[in-house]
Amino acid sequence: MTTDNRLIVCPQCGAVNRVNPGREAEAACGKCGGRVFEAQPLELVGSTFDRHIGKSEVPVLVDFYSPTCGPCLMMGPQFADAAKTLFPKVRLAKIDTSAEQTVAARYGIRAVPTLILFRNGREIARQSGAMDARGIAGWVGQHI
């Protein structure tokens, strides 16, 4: 076991896996056998949010959105495209602020969509307002 391995939380079962850098795309979970990392946004809920943010050593970009927000709906496909561009350097995730009001309140979300970039459990950057895929990738690139 080398110290170069990065911890990544499995999106299916929540197990924390050690993954060699550069092997994220093919890594399988040691507990459930599912893929540990995919090039698409992961939908988080309150019970999974803290685990993915706090235990993963891969930066996590979270889209705080509402399913009734027009700009959020327009940005959804752009966010998915950005996930393909940023994979496997950054995991992209989404959290519905209308369903997960406690998490939204904890981070002071007052407008949606709001993007927050986390590294090692800490917020390192924040951006409010809809963006296209290129803008999202460029913004993330400035902060990692």
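For the structure, check the block above.
Heads up: these notes are all about the structure in this document.

Looking at the overall build of the protein
Link 1 in the chain: A count of helices and strands for the protein gives four helices and seven strands.
Link 2 in the chain: The order of helices and strands in the protein, counted from the N terminus, is β-β-β-α-β-α-β-α-β-β-α.
Link 3 in the chain: Referenced to the eigenvectors of the C-alpha coordinate spread, the extents of the protein come out at roughly 45 × 30 × 25 Å.
Link 4 in the chain: In the protein, buried positions account for 44% of the 144 residues.

A word on unusual backbone geometry
Link 1 in the chain: Residue Pro88 follows Phe87 across a cis peptide bond; omega there is 0 degrees.
Link 2 in the chain: In this structure, Pro88 sits in the loop between α2 (70-86) and β5 (91-96).
Link 3 in the chain: Backbone torsion omega between Val112 and Pro113 reads -5 degrees, so that peptide bond is classified as cis.
Link 4 in the chain: With respect to the secondary-structure elements, Pro113 resides in the loop between α3 (101-106) and β6 (114-119).
Link 5 in the chain: Of note, the phi angle at Asn120 is positive, near 50 degrees, even though the residue is not glycine.

Basis of the calculations
- Residues numbered from 1 in each chain as written.
- Predicted model: local features only at pLDDT ≥ 70, side-chain atom pairs only at ≥ 80, totals over all residues.
- Heavy atoms only, no water.
- Helix = DSSP H or I, 4+ residues; strand = E, 2+ residues; numbered from the N terminus.
- Buried < 20%, exposed > 50% of the residue type's maximum accessible area, 1.4 Å probe, protein only.

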